[in-house]
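Chain by chain, the residues:
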Amino acid sequence: MGMTMTQKILAAHAGLDKVEAGQLIEADLDLVLGNDITSPVAIHEMDKMTVDTVFNKDKVALVMDHFIPNKDIKSAEHCKCVREFACKHDITNYFDVGEMGIEHALLPEKGLVVAGDTVIGADSHTCTYGALGAFSTGVGSTDMAAGMATGKAWFKVPSAIRFNIVGKPSKWVSGKDVILHIIGMIGVDGARYKSMEFVGEGIASLSMDDRFTIANMAIEAGGKNGIFPVDEKAAAYMKEHSLREFNVYEADEDAVYDEEYTIDLSELKPTIAFPHLPENTKTIDEITEDVVIDQSVIGSCTNGRIDDLRIAAEILKGRKVKKGVRCIVIPATQKIYLQAMEEGLLKIFIEAGAVVSTPTCGPCLGGYMGILAEGERCISTTNRNFVGRMGHVESEVYLASPAVAAASAVTGKISAPAELGL
């Protein structure tokens, strides 16, 4: 019986020839990640341990991104705690105001994760790096503390679901529509503690930004991780962004999967997740009544990359955000912000009546930069739409792609670009 991509990576990091689903292992870590919310807890836990410092100052990444720049005294104290820890332990990859970005966009951009790595992060969307062919998963802050101290973590080896991607997507269909379609199909617990492995000739039609989006939301299906094979696009991305060597792991032909699905990209349509679960999806043509919105957010670790901003700008160019709608655009990193500026995208957003924020998670988790009041509705390119996720418990969040979020900002209701003649 063969192994999946994920199982091969875990076996290698556990020093084993073979692992099986359900097996408990201890694996070496290539990177341990924390942010300004989760790191202080881990730091306080590490203070209780009998260790002098982190296992490797180059293999810990601390990214200030959730409430940065600080929104209040509490967030300032959290960042101060992490900043002092980073200074004390000479952490190489500490990112603060001016050089930070949303962690799951920043780390691949900085070349800190490559194929074949095993990565844990005290943030559930750490599964993003599977787009590069790495095993990456979210953990609690205490596991982060143990990882920083020892360079190891224990795992139960996950079983897997195979998604065979075929066909080519139409103009306004992106990775966000792919993953929302999958979550709508299998549910928010359909991949519970399983590896979601994406294969097939259709992957060639997906950009790296599409793949990051899909892997990012594996957790919204309950997945332990999402992972893509390393093809020419992935290899080129890593060679552009990193000086590190990478290891390619391919699933065995006789690897065992719990389920297998085929996703035909050519059949997908712009997809929206209605409140209050990511599985509550409808395609744009299944929406029979106007869903009027108050706010549109384009950004986050899911959809704040340059491709996302280009798509939004293509739709907003020469148009105006509807009066009464707040459109907030958040580039995911400083580099993306600068590139968007140099390409003239920020000018398009501002002339359309949108605002552009410094990189931050901000409104995604109800932090700041776009909190919703009672009864308000937001179309958002973020990843979760739980009750109260972006503010008041009586507000509503609708998840969608940058194309739908931008078009909706113009019309004032959930809309596809086709409604603007695009």
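Note that the coordinates shown come from a computational prediction; the quantities given were computed from them, not determined experimentally.

Concerning the pattern of salt bridges
Evaluated as defined, the whole model comprises 22 salt bridges. Between K48 and E45 there is a salt bridge; the shortest N-O distance is 3.0 Å. You can call E45 partly exposed: its relative accessible area is 24%. Salt bridges sharing partners connect three or more residues here, namely K57, D58 and D90.

Details of the nonpolar core
Within the largest apolar cluster, 51 residues are counted, with the highest numbers of intra-cluster contacts made by L62, F85, I91, L107, M148 and F155. Top contributing element to this core by residue count: helix α3 (residues 73-88), with 5 residues. By size, the runner-up hydrophobic cluster in this structure holds 45 residues, among which are L180, L206, I214 and I330.

Some details on the state of the cysteines
All chains considered together, the criterion is met by 0 disulfides. With no disulfide of its own, C127 has C301 as its nearest cysteine by sulfur position, at a separation of 8.4 Å. Judged by its relative accessible area of 1%, C127 falls in the buried class. For C378, which is in no disulfide, the shortest distance to another cysteine sulfur is to C327 and amounts to 9.4 Å. By relative accessible area, C378 is classed as buried at 0%.

A few points about the packing of aromatic side chains
Summed over the entire model, instances satisfying the criterion amount to 6 aromatic pairs. Here the aromatic rings of F163 and Y261 are separated by 5.5 Å at their centres, their planes lie at 15°, and the arrangement is stacked. Residue F163 is located in strand β8 (residues 159-166), and its partner Y261 is located in strand β11 (residues 259-264); the two are separated by 98 residues in the primary sequence. Where F212 meets Y237, the ring centres are 5.4 Å apart and the plane angle is 65°; that geometry is what we call edge-to-face. Of this pair, F212 sits in helix α7 (residues 208-216) while Y237 sits in helix α8 (residues 232-241); the two residues are 25 residues apart in sequence, bridging distant segments of the chain. Neither residue differs from the other here; F212 and Y237 are each classed as buried. Three or more aromatic residues link up through ring pairs in this structure, and these residues are F163, F198, F228 and Y261. Here K156 stacks its cationic end above the ring of Y193, 5.0 Å away from the centre of that ring. Over the face of the ring belonging to W172 we find K171, whose NZ or CZ atom lies 4.7 Å from the ring centre.

Examining the sheet that holds strand β9 (residues 194-199)
What the 4 strands build is an open sheet, ordered β10-β9-β8-β11; its pairing is parallel. A single partner strand is all that each edge strand has here, and the edge strands are β10 (225-227) and β11. For this sheet the average axis-to-axis angle between neighbouring strands, irrespective of direction, equals 20°. Sheet topology note: the β8/β9 ladder contains 6 bridges and is parallel. If you follow N164 over to β9, its bridge partner there is V199.

A few points about the sheet that holds strand β3 (residues 60-63)
In spatial order, the strands read β4-β3-β2-β5-β6; together these 5 strands make up an open sheet with parallel pairing. Two strands lie at the open edges of the sheet, namely β4 (93-95) and β6 (135-138), each paired on one side alone. Within this sheet the neighbouring strands show an average axis-to-axis angle of 15°, counted without direction. Across 3 bridges, the pairing between strand β2 (residues 31-35) and strand β5 (residues 118-121) is parallel.

Topic: the packing of helix α10 (residues 306-316) against helix α12 (residues 345-352)
With their axes 9 Å apart at the nearest point, α10 and α12 run at an angle of 45° to one another. With respect to their mutual orientation, α10 and α12 come out oblique. Here α10 runs over α12; the crossing is left-handed. Within the contact between the two elements, α10 uses I306, L309, R310, A312, A313 and L316 and α12 uses L345, I348, F349 and A352. Per-class residue counts for the contact of α10 with α12 are 9 nonpolar, no polar and 1 charged.

Structural notes on the UniProt feature "binding site: [4Fe-4S] cluster" (unreviewed entry) in the chain
The positions UniProt marks with the feature "binding site: [4Fe-4S] cluster" (unreviewed entry) are C301, C361 and C364. The annotated residues occupy 64 residues of the chain but converge on a single region, no pair of C-alpha atoms lying more than 9.2 Å apart. Not counting the four nearest positions on each side in its chain, C301 is found in contact with I102, H104, H125, N216 and N383. Relative to the helices and strands, C361 is located in the loop between β16 (355-356) and β17 (377-380). For C361, a relative accessible area of 11% puts it in the buried group.

Focus on the pairing of β9
For β9, the buried fraction is high: 6 of the 6 residues fall into the buried class. Side chains K194, M196 and F198 project from β9 onto one buried face, and the interleaved S195, E197 and V199 project onto a second face that is buried too. Each parallel crossover has a hand, and the one from β8 via helix α6 (residues 175-186) to β9 is right-handed. Note: β9 against β10, 3 bridges, orientation parallel. Across the sheet, the residue bridging to E197 is I227, located in β10. In this region the chain leaves β9, passes through α7 and returns to the parallel neighbour β10; the handedness of that crossover is right-handed.

Describing the pairing of strand β15 (residues 326-329)
Bridging between strand β14 (residues 295-298) and β15 involves 4 bridges; their strand directions are parallel. Residue pairing for β15: I298 is matched across the bridge by V329. With 2 bridges connecting them, β15 and β16 associate as parallel partners. Its bridge partner lying in β16, V329 is registered against V356.

Here is what the cut-offs are and how they apply
- Residues numbered from 1 in each chain as written.
- Predicted model: local features only at pLDDT ≥ 70, side-chain atom pairs only at ≥ 80, totals over all residues.
- Heavy atoms only, no water.
- Salt bridge = Lys/Arg side-chain N within 4 Å of Asp/Glu carboxyl O.
- Buried < 20%, exposed > 50% of the residue type's maximum accessible area, 1.4 Å probe, protein only.
- Core = buried A, V, L, I, M, F, W, Y, C linked by side-chain atoms within 4.5 Å.
- Helix = DSSP H or I, 4+ residues; strand = E, 2+ residues; numbered from the N terminus.
- Disulfide = S-S within 2.5 Å.
- Phe/Tyr/Trp six-rings, centres within 6.5 Å; stacked < 30°, edge-to-face > 60°.
- Lys NZ or Arg CZ within 6 Å of the ring centre and 35° of its normal.
- Pairing = 2+ DSSP bridges.
- Axes fitted to C-alpha atoms, helices over the stretch in contact; angles between N-to-C directions.
- Parallel < 35°, antiparallel > 145°, perpendicular 65-115°, else oblique.
- Left-handed = near helix turned anticlockwise from the far one by under 90°.
- Contact = heavy atoms within 4.5 Å.
- Nonpolar A, V, L, I, M, F, W, Y, C, P; charged D, E, K, R; others polar.
- UniProt positions renumbered as here; feature names shortened; annotations may be inferred.
- Right-handed = clockwise from strand over helix to strand, strands pointing away.

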